[in-house]
Amino acid sequence: MRRSLIVAVSVRLLYPSIMVLSLYFLFAGHNQPGGGFVGGLAASGAISLRYVNGGVQAVRRSFRLQPWTILGSGLALSVGTAIFPMLLGGAILEHGTLKLHPPLLGEVKATSALPFDIGVYALVIGLALMIFEAFGDDLDDELEMIEPPTTPATSIREEYRPLSQHVPASMWLDDDEADDSDESGPDGRRNPGAVDA
Amino acid sequence: MSSALVPLPIVLPLLAAALTVVFGRFRVAQRITALAALGANVGISIALLVRADDVGVVTMDAGGWAAPLGITYVVDRLSAIMLVTSSLMLLVVLIYAIGQQGVKGIHVGFDPIYLVLAAGVSASFITGDMFNLFVAFEMMLAASYVLLTLGGRSDQIRAGMTYVVISLAASALFITALALLYSATGTVNMADLAERIPQLSDGVRTGFSLLLILVFGIKAGLFPLFFWLPDSYPTAPGPVTAIFAGLLTKVGVYAIIRTQTLLFPPESQQGTALLVIGGLTMVVGVLGALAQDDLKRLLSFHIVGQIGYMIFGLGLFTVAGVSAVVFYIVQTILVKTNLFLVAGLVDRHTGSSRVSVVGGIVRSAPVIAVFFAVPALSLAGLPPSSGFAGKFALLDAGVEAQQWWIVAVALLVSLLTLFSMTKIWAGAFWGEPESGDRAVIAPEGSEPRPSRGGPPLMVAATGITVALSIAYVVFAGPIYGLAERAGTDLMNPSVYIDAVFGSDR
């Protein structure tokens, strides 16, 4: 896929800035506009910029973890934060505030709503990544059929990890017949990884 | 009375859903997590039922914010009864699904989505806040969209489209109704609404009452709004259809019961309208069923018919009527889930679910025949089945309220249901398989020795539902006593309101 120099350079500039902004939203969120969901959406926007530039490969290279790991642990963190006060004898979702006065920094406020928001943030990002995994591949393939791959117009250093570490997306996207296992073989299962690898 | 157990039936499945997503690659761990979470849910629900029956209403304020401000979770006797029934069915159907597809054969996305569905169903029963009810419905619906189309066959996608569009329309109406309610009263807390709605003018109250019946009627499959149901349910994978048939429409019925009895004062309750709708729903459901040949479609029309009975009981707005509905709704959930699980077994055993094609199951798999006979008699309401006890209670309440015509309709529909069940029995269980199609009918060599009916787990899960519905009629006395206490609470909303606002008033 031929990449445009302008897009490549702008994405390179925009991606980290939007990510920082999304982190700001995440941390400011507990009593100002923002929060985990909004932050996650902003981060997803940044990821979609990478998709525009480098396709699903670039999206995969942005995160070391698998999309479903991010999504699942985000949900687990949020739910865990909701339950935690119950272990201490409080109500579900009850929250507390901690005000610290470390030297030089003045007052630092930490709320227990933050882990909840971080969970939501991870959930939204995980979902965005899974959407690109699910629907992004087709577009990539189609584009490659139209234009044979050429060297990128830029020489941006590939500093990310190799792609071979990725589990194929088809693990999540295979078309296992959920109903009639009789049709798919004597033991009713297929190797999901091999479906459309 | 406050209890820490209250939010657990929502939170636990969600936590398990998160874990099953993370451990997606380890299928065995996924199955164990899902089974453990739903098993624990059954225990918690039973504990909640015992507690609720002890003290009347158990509540918890989310985040420690007191009632009109925060979101309250409320478990009264009706909620607790629904929770126990739904958690049992969710567990049984999961066992059945594992039996059908093997521990490793289930789609990797099934468990997380199924658990989210479980959380949504529990949340609908537990929440004491209208907006939270909307969120719970959305959770349930979003999960059901995926479950309905899991597998991605083209007929599933087509039926899924109808389902998604009608559900989205209903949700849009629901959120609009909520906005109107909020602008009229300034609250969405159910207990608070129950105090403020009586202050509204007559017309506005009636409008809200009808609007909410419309919104939940779409989910429940009431008379003019049921058309999507027999179209979409049968295309889903077997276990999914069973859980949809057993639970989802009943969540709609629960919401109708809850809002009509709690929010509206007696003078704006739509008794006559509900009776007419209930009667029409019964008649249309059973007539639709008579015309069907496919087992799953036929049973889907019966879902609609059964909903009619519940609406009829509610429409009476007497303690006896509402108690009978509470008793009846649990019975229907058991029976409906059971019938759809059997339909799945028939499909697997014979390779077809068309009544005119399959035949002779009594000889080739007697277990399936027994498992079908019990719930079929129950659906038709023949003594000594649990359906008889439920229908008897409903008709008794109808006679007591002197609504003769609806009692007559209910009896007629019962007769037609029996006819429809005998049609299935005579066709699929006694009759000869359609000639020339024998290859489809039974696997080679299974004729001499009767088959056990299917994989052991599937048969065992179906057996559990059969056992439960038999136990339901054996213990009908104490259970009806419980239902009566639930019905008394429902007809006296101040119990619920006082429990939500606590002792500080």
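Residues numbered from 1 in each chain as written. Chains lettered and ligands numbered in written order. Predicted model: local features only at pLDDT ≥ 70, side-chain atom pairs only at ≥ 80, totals over all residues.

**So, the overall build of chain B**
Inference 1: Looking only at helices and strands, chain B has 21 helices and two strands in total.
Inference 2: Here the C-alpha atoms of chain B give a radius of gyration of 22 Å, agreeing with the 23 Å that 2.2 N^0.38 yields for 505 residues.
Inference 3: Scored against the burial criterion, the 505 residues of chain B give a buried share of 61%.
Inference 4: Taking all contacts inside chain B whose residues are at least 6 apart in sequence as the whole, residues at least 24 apart take part in 80%. (Helix = DSSP H or I, 4+ residues; strand = E, 2+ residues; numbered from the N terminus. Rg over C-alpha atoms; globule rule 2.2 N^0.38 Å. Buried ≥ 20, exposed ≤ 12 C-beta atoms within 10 Å, placed from the backbone. Contact = placed C-beta atoms within 7 Å.)

**Describing the overall build of chain A**
Inference 1: Looking only at helices and strands, chain A has five helices and two strands in total.
Inference 2: Going residue by residue from the N terminus, the α and β elements of chain A occur as α-α-α-β-β-α-α.
Inference 3: Summarising the internal contacts of chain A: among those between residues at least 6 apart in sequence, 68% fall at separations of at least 24.

**Structural notes on unusual backbone geometry**
All names here are of chain B.
Inference 1: In this structure, the amide linkage connecting P383 to the following residue, P384, adopts the cis form with an omega of 5 degrees.
Inference 2: Topologically, P384 is positioned in the loop between α15 (366–380) and α16 (386–400).
Inference 3: In this structure, F317 takes a positive phi of about 50 degrees despite not being glycine.
Inference 4: Mapped onto the secondary structure, F317 falls in the loop between α12 (295–316) and α13 (319–350).
Inference 5: The phi torsion at Q402 lies on the positive side, around 60 degrees, for a residue other than glycine.

**Concerning the environment of K99 of chain A**
Inference 1: Note on placement: K99 of chain A falls in strand β1 (residues 97–100).
Inference 2: Among residues more than four places away in sequence, those in contact with K99 of chain A are E107 and K109 of chain A.

**Observations concerning α13 of chain B**
Residues and elements named next belong to chain B.
Inference 1: Compared with the 46 Å implied by 1.5 Å per residue over 32 residues, the 46 Å span of α13 between its first and last C-alpha is a close match.
Inference 2: Of all 32 residues making up α13, 31 are buried, and the element is well covered by its neighbours.
Inference 3: Following α13 by one or two positions, G351 has its phi on the positive side, about 85 degrees. (Expected span 1.5 Å × (residues − 1).)

**Side note on the environment of G55 of chain A**
Residues and elements named next belong to chain A.
Inference 1: When you line up the elements, G55 lands in helix α2 (residues 36–62).
Inference 2: A count of 20 C-beta atoms within 10 Å places G55 in the buried class.
Inference 3: On a C-alpha basis, the gap between G55 and F132 in space is 8.9 Å, while along the polypeptide they are 77 residues apart.

**Description of α12 of chain B**
The periodicity of an α-helix, 3.6 residues per turn, causes residues three or four positions apart to be oriented the same way.
Residues and elements named next belong to chain B.
Inference 1: Between its terminal C-alpha atoms α12 stretches 33 Å, which fits the 32 Å expected from 22 residues at 1.5 Å a residue.
Inference 2: Counting buried residues along α12, 22 of its 22 residues qualify, which places the element largely inside the surrounding structure.
Inference 3: F317, located one to two residues past α12, shows a positive phi value of around 50 degrees.

**Points about the packing of helix α5 (residues 130–149) of chain B against helix α6 (residues 154–185) of chain B**
Packed helices, taken two at a time, are described by their axes: the angle between them and the distance between them.
Residue and element names in this part refer to chain B.
Inference 1: At their nearest, the axes of α5 and α6 sit 10 Å apart, and the two run at 175 degrees to each other. When the axes of α5 and α6 are compared, the pair comes out roughly antiparallel. Residue-level inspection shows M130, F131, F134, F137, E138, L141, Y145, L148 and T149 of α5 in contact with α6, the latter providing Q156, I157, G160, Y163, V164, S167, S171, F174, I175, L178 and L181.
Inference 2: Tallied by class, the residues present in the contact of α5 with α6 amount to 14 nonpolar, five polar and one charged. (Axes fitted to C-alpha atoms, helices over the stretch in contact; angles between N-to-C directions. Parallel < 35°, antiparallel > 145°, perpendicular 65-115°, else oblique. Nonpolar A, V, L, I, M, F, W, Y, C, P; charged D, E, K, R; others polar.)

**Side note on the nonpolar core**
Taken as a class, soluble globular proteins show a tendency for nonpolar side chains to be buried jointly.
Inference 1: Core analysis: the largest hydrophobic core is formed by 221 residues, its most contacted members being A18, I81 and L94 of chain B.
Inference 2: By residue number, the principal contributor to this core is α13 of chain B, which donates 19 residues.
Inference 3: With residues near it in sequence (within four places) discarded, A18 of chain B still touches G72, L75, A76 and V79 of chain A. (Core = buried A, V, L, I, M, F, W, Y, C linked by C-beta atoms within 7 Å.)

**So, the confidence of the model for chain A**
As a note on interpretation, predicted positions should not be read in detail where pLDDT is low.
Residue and element names in this part refer to chain A.
Inference 1: Chain-level pLDDT for chain A is 75 on average; 68% of the residues reach the 70-or-more range.
Inference 2: Ranking the helices and strands of chain A by mean pLDDT puts helix α1 (residues 5–28) first, with 92, and helix α5 (residues 170–173) last, with 52.
Inference 3: The low-confidence segment residues 153–165, where pLDDT is below 50, has 13 contacts with residues more than four positions distant or belonging to other chains.
Inference 4: For the stretch residues 174–197, pLDDT sits under 50, and the model shows 46 contacts to residues farther than four places along the chain or on other chains. (pLDDT = per-residue confidence, 0-100.)

**Looking at the pairing of strand β2 (residues 72–75) of chain B**
It is a general feature of regular strands that their side chains alternate between the two faces of the sheet.
Residue and element names in this part refer to chain B.
Inference 1: On β2, burial covers both faces: T72 and V74 on one face and Y73 and V75 on the other are all buried.
Inference 2: Two elements, strand β1 (residues 58–61) and β2, share four bridges in a ladder whose sense is antiparallel. Within β2, the residue paired with T59 across the bridge is V74. (Pairing = 2+ DSSP bridges.)

**Some remarks on the packing of helix α3 (residues 67–87) of chain A against helix α1 (residues 8–22) of chain B**
Inference 1: Contact geometry of α3 of chain A with α1 of chain B gives a least axis separation of 7 Å together with a crossing angle of 155 degrees. The angle between α3 of chain A and α1 of chain B places the two elements in the roughly antiparallel class. By crossing handedness, the relation of α3 of chain A to α1 of chain B is classed as left-handed. For the pair formed by α3 of chain A and α1 of chain B, the contact residues are W68, T69, L71, G72, S73, L75, A76, V79, A82 and I83 of chain A on the first element and V11, L14, L15, A17, A18, L19, V21 and V22 of chain B on the second.
Inference 2: For the contact of α3 of chain A with α1 of chain B, the class distribution of residues is 15 nonpolar, three polar and no charged. (Left-handed = near helix turned anticlockwise from the far one by under 90°.)

**Structural notes on the confidence of the model for chain B**
All names here are of chain B.
Inference 1: The share of residues in chain B with pLDDT of 70 or more is 96%, and the mean pLDDT across the chain is 88.
Inference 2: Within chain B, no element has a lower average pLDDT than helix α18 (residues 438–441), which sits at 46, and none a higher one than helix α4 (residues 110–126), at 94.
Inference 3: This complex was scored by the predictor with a pTM of 0.87 and an ipTM of 0.83.

**Some thoughts on the environment of I157 of chain B**
All names here are of chain B.
Inference 1: Mapping I157 onto the fold places it in helix α6.
Inference 2: Separated by 78 residues in the primary sequence, I157 and S79 have C-alpha atoms spaced 34 Å apart.
Inference 3: Among residues more than four places away in sequence, those in contact with I157 are T149 and G152.

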